[in-house]
Amino acid sequence: MPVTYVIRFDILPGQRDRFMALLNGVLDAMRHEPMFHNAVLHADPENEDRMMLYETWEDHQDVLDVQLQRPYREAWHASLADLLAGPRDISVWHPIRSDRSGQPRS
């Protein structure tokens, strides 16, 4: 069953460029994983140092056992304490409906 993670970040002032460089590397690598569905990164329009990422994967256990252990995530995880004002806010969701522009009604 697919699973979606909603992750909120409060980036330390002056660390946004480094945060983005490291996260972009992770997102670029994730795109090629067979269990990956999609990811969207959002910025708070009132505070450029607040971001929200949601990412959807095919299987929660695979994320825990395989994806979080990927070497391309090492530098990202190791740097979080230096990039963020506090711990990430992570919640887990199960999709029950998906709609897209131009999608026929069923």
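These remarks concern the structure in this document. (Residues numbered from 1 in each chain as written. Predicted model: local features only at pLDDT ≥ 70, side-chain atom pairs only at ≥ 80, totals over all residues. Heavy atoms only, no water.)

## Examining the overall build of the protein
Scanning the protein for helices and strands turns up three helices and four strands. For the protein, the sequential pattern of α-helices and β-strands runs β-α-β-β-α-α-β. In terms of overall dimensions, the protein has C-alpha extents of about 45 × 35 × 20 Å along its principal axes. Out of the 106 residues belonging to the protein, those deemed buried represent 29%. By sequence separation, contacts in the protein at least 24 residues apart represent 73% of the contacts at least 6 residues apart. As displayed, the protein offers around 7100 Å² of accessible surface, 51% of which is attributable to carbon and sulfur atoms. If the 11 positive side-chain charges of the protein are averaged to one point and the 17 negative ones to another, these points end up 5 Å apart. (Helix = DSSP H or I, 4+ residues; strand = E, 2+ residues; numbered from the N terminus. Buried < 20%, exposed > 50% of the residue type's maximum accessible area, 1.4 Å probe, protein only. Contact = heavy atoms within 4.5 Å. Areas by Shrake-Rupley, 256 points an atom, 1.4 Å probe, with all protein chains shown as cover. Lys, Arg positive; Asp, Glu negative; His and termini not counted. Charge placed at Lys NZ, Arg CZ, Asp CG, Glu CD.)

## Structural notes on the environment of Thr4
Examined against the element boundaries, Thr4 turns out to sit in strand E1 (residues 3-10). You can call Thr4 buried: its relative accessible area is 11%. In this structure, the C-alpha to C-alpha distance between Thr4 and Glu55, residues 51 residues apart in sequence, is 5.5 Å. In this structure Thr4 touches Tyr54, Glu55, Thr56, Ser91, Val92, Trp93 and Pro95, once residues within four positions along its chain are discounted.

## Thoughts on the nonpolar core
If you look at the biggest cluster of nonpolar residues, it comprises 20 residues, and the most contacted ones within it are Phe9, Phe19, Trp57, Trp76 and Leu84. Among the secondary structure elements, those contributing two or more residues to this core are E1, helix H1 (16-30), strand E3 (47-57) and helix H3 (74-83). In terms of residue count, the dominant contributor to this core is H1 (six residues). (Core = buried A, V, L, I, M, F, W, Y, C linked by side-chain atoms within 4.5 Å.)

## Some details on the packing of aromatic side chains
We describe a pair of aromatic rings using the distance from one ring centre to the other and the angle between the two ring planes. Evaluation of the coordinates by the stated rule reveals four aromatic pairs. Where Phe9 meets Phe19, the ring centres are 5.1 Å apart and the plane angle is 70 degrees; that geometry is what we call edge-to-face. With a gap of 10 residues between them, Phe9 in strand E1 and Phe19 in helix H1 connect regions that are remote in the sequence. Assigned by exposure class, Phe9 and Phe19 land together as buried. Among the aromatic side chains, those forming a connected cluster through ring pairs are Phe9, Phe19 and Trp76. (Phe/Tyr/Trp six-rings, centres within 6.5 Å; stacked < 30°, edge-to-face > 60°.)

## Considerations on the side chain of Glu33
By the element assignment, Glu33 lies in the loop between H1 and strand E2 (36-44). With a relative accessible area of 11%, Glu33 lands in the buried category. Look past the residues within four positions of Glu33 in its chain and what remains in contact with it is Trp57, Gln67, Arg70 and Tyr72.

## Overview of the sheet that holds strand E4 (residues 89-93)
The strand order across the open sheet formed by four strands is E2-E3-E1-E4, and the pairing between neighbours is antiparallel. On the outer flanks of this sheet lie E2 and E4, each paired with one strand and no other. Between one strand axis and the next, the sheet turns by 15 degrees as a mean value, whatever way the strands run. Most of the contacts of H1 go to E3, to which it runs at about 10 degrees, and overall it touches E1, E2 and E3. (Pairing = 2+ DSSP bridges. Axes fitted to C-alpha atoms, helices over the stretch in contact; angles between N-to-C directions.)

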